[in-house]
Amino acid sequence: MSGFLEGKVVAITGAGRGIGRAVALACAAEGAKVVVNDYGVSIDGSEPSSEVADAVVREIEQASGSAIAVADDISQMAAGERLVSVAVEQYGRIDGVVTIAGILRERMLFNMSEEEWDAVIATHLKGTFTVFRAAAAVMRKQPGGGSLVGFTSGVGMWGSVAQANYAAAKGGIVALVRSAAIGLQKYGITANAVAPVANTRMAANVPGGTAETGEPEDVAPMVVYLLSDAAREITGQTYTVVGGRVALWSQPREVREMVTDGRWTPADIAARLPAEVGTDRMPMLDYIEAMQARAAAAGS
Ligand SMILES: NC(=O)c1ccc[n+]([C@@H]2O[C@H](COP(=O)([O-])OP(=O)(O)OC[C@H]3O[C@@H](n4cnc5c(N)ncnc54)[C@H](O)[C@@H]3O)[C@@H](O)[C@H]2O)c1
């Protein structure tokens, strides 16, 4: 133990498997008391079990750490509240929350059902809101504020061919994080997002694989850092973390403009927009074209 989070209490969703488990173990190894949330579901969100959360608590205890399991469905408001109240009742405060729980229901947009849309938005986006909301209500009243860490994905910024629900949820999480950062700054609460890539059962589901990868344990140190006193000045940021690489995403900004006196007509826009404002090429198109070229080269 190196004590980077000594004395802190953190709650982590989706902490029973994959990246969440690695984050929970790393937080405990750095001295935090950990509330381990995991609904214990299959990749599509079905078949819940409390066993995976309990198993991580046992791992932490075997390493002489302190942890408690909460095997709730984090998309429910009551689950967010319970996660935070268990931390406060058991350990006296809540210094950090990390929302890692996630599921996938992949489908082309034109075939996606309402249920597939709702389940993914509920787990990722609402499952971040339920926890941030409950934690912020406690953190704003306690000395030292606190840290909120959401989990997004590159596809939340870039879009995804067959995961419109997932990409929309992940983009929403970045907007939620930025809103929390702005709204909670005066209470000493930071909010940041991590966009990881790591070998987990979820990554195994990405069609065509990912361009680069690493292990869940590679992602954990960055989350520990964001939860620590060393990162108290960092807020509203999104970081890619994969293998040995950490990268900062830019804040969206307008890149070009055109202005008219009065109101535009469609004809004026058609005449001026292509040359004056134009478009901003989607990075995902380059990525897809590169993948197609690789596949064609491999096939020839
Ligand atoms: N693995 C990657 O390469 C990658 C890439 C981009 C983003 N992410 C994000 O990182 C996070 C972790 O992904 P992972 O690869 O470790 O996935 P994983 O499937 O290994 O783990 C996700 C965990 O969340 C739990 N969970 C699902 N629904 C829940 C709910 N309603 N309440 C509580 N727990 C619930 C599951 O039981 C599971 O243990 C996810 O938010 C994912 O979208 C992962």
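Coordinates for the structure precede this section.
In this report, the structure presented in the accompanying data block is examined. Everything numeric here is computed off the predicted structure, so don't read it as measured data. (Residues numbered from 1 in each chain as written. Predicted model: local features only at pLDDT ≥ 70, side-chain atom pairs only at ≥ 80, totals over all residues. Heavy atoms only, no water.)

## Topic: the site of the ligand
Consideration 1: Near the ligand there are 30 residues, and of these Asp-38, Asp-73, Tyr-166, Thr-200 and Arg-201 occur at the shortest range.
Consideration 2: One of the backbone N or O atoms of Asp-72 is found 3.5 Å from a nitrogen atom in the ligand.
Consideration 3: Tyr-166 has a polar side-chain atom sitting 2.6 Å from an oxygen atom of the ligand.
Consideration 4: Out of a free accessible area of 830 Å², the ligand has 97% covered by protein chains.
Consideration 5: Among the secondary structure elements, those contributing two or more residues to the shell around the ligand are helix 1 (18–29), helix 4 (114–139), helix 6 (164–184) and strand 6 (189–197). (Near = heavy atom within 4 Å. Polar contact = N/O pair within 3.5 Å; in protein donor to acceptor, adjacent residues only side chain to side chain. Areas by Shrake-Rupley, 256 points an atom, 1.4 Å probe, with all protein chains shown as cover. Helix = DSSP H or I, 4+ residues; strand = E, 2+ residues; numbered from the N terminus.)

## Some thoughts on the environment of Met-282
Consideration 1: With respect to the helices, strands and loops of the structure, Met-282 is situated in the loop between helix 8 (266–276) and helix 9 (283–299).
Consideration 2: Along the sequence, Met-282 and Phe-132 sit 150 residues apart, while their C-alpha atoms lie 31 Å from each other.

## Quick word on a nonpolar patch on the surface
Consideration 1: A surface patch of nonpolar side chains, amounting to about 320 Å² of accessible area, comprises Met-108, Phe-110 and Val-161.
Consideration 2: You can see Val-161 is positioned in the loop between helix 5 (154–158) and helix 6. (Patch = residues over 30% accessible without salt bridge, like charges linked within 9 Å, V, L, I, M, F, W, Y side chains within 5 Å. Salt bridge = Lys/Arg side-chain N within 4 Å of Asp/Glu carboxyl O.)

## Regarding the nonpolar core
Consideration 1: Core analysis: the largest hydrophobic core is formed by 36 residues, its most contacted members being Ile-12, Cys-27, Val-34, Val-36 and Phe-151.
Consideration 2: When neighbours within four sequence positions are excluded, Val-36 is seen to be in contact with Ile-12, Ala-15, Ala-53, Val-56, Val-57, Ile-60, Ala-67, Ile-68, Ala-69 and Val-70.
Consideration 3: One finds Ile-74, Ala-101, Phe-132 and Ala-180 within the second-largest nonpolar core, a separate group that totals 29 residues. (Core = buried A, V, L, I, M, F, W, Y, C linked by side-chain atoms within 4.5 Å. Buried < 20%, exposed > 50% of the residue type's maximum accessible area, 1.4 Å probe, protein only. Contact = heavy atoms within 4.5 Å.)

## Observations concerning the pattern of salt bridges
Consideration 1: Considering all chains together, one arrives at 11 salt bridges under this definition.
Consideration 2: Put simply, Glu-115 and Arg-105 hold a salt bridge, and the shortest N to O gap is 2.7 Å. A residue pair is termed long-range when its members are at least 10 positions apart, and Glu-115 in helix 4 and Arg-105 in the loop between strand 4 (96–99) and helix 4 qualify at 10 residues.
Consideration 3: Glu-115 gets classed as partly exposed once you look at its relative accessible area, which sits at 48%.
Consideration 4: When the shortest N-O distance is used, the salt bridge between Arg-281 and Glu-289 registers 3.2 Å.

## So, the pairing of strand 7 (residues 238–242)
Note on strand geometry: in a regular strand, side chains alternate between the two faces of the sheet.
Consideration 1: Taken across its 5 residues, strand 7 has 5 buried, putting it largely inside the fold.
Consideration 2: Across the two faces of strand 7 the burial is the same, with Thr-238, Thr-240 and Val-242 and Tyr-239 and Val-241 all buried.
Consideration 3: In this sheet, strand 7 lies alongside strand 6 in parallel orientation, the contact comprising 5 bridges. Following the sheet pairing, Val-194 is matched in strand 7 by Tyr-239.
Consideration 4: Sheet topology note: the strand 7/strand 8 (residues 245–248) ladder contains 4 bridges and is antiparallel. Each bridged residue has a counterpart across the sheet, and for Thr-240 the counterpart in strand 8 is Ala-247.
Consideration 5: Taking the residues that link successive antiparallel strands as the turn, the strand 7-strand 8 hairpin has 2 residues, and the phi of Gly-243 there is positive, at about 55°. (Pairing = 2+ DSSP bridges.)

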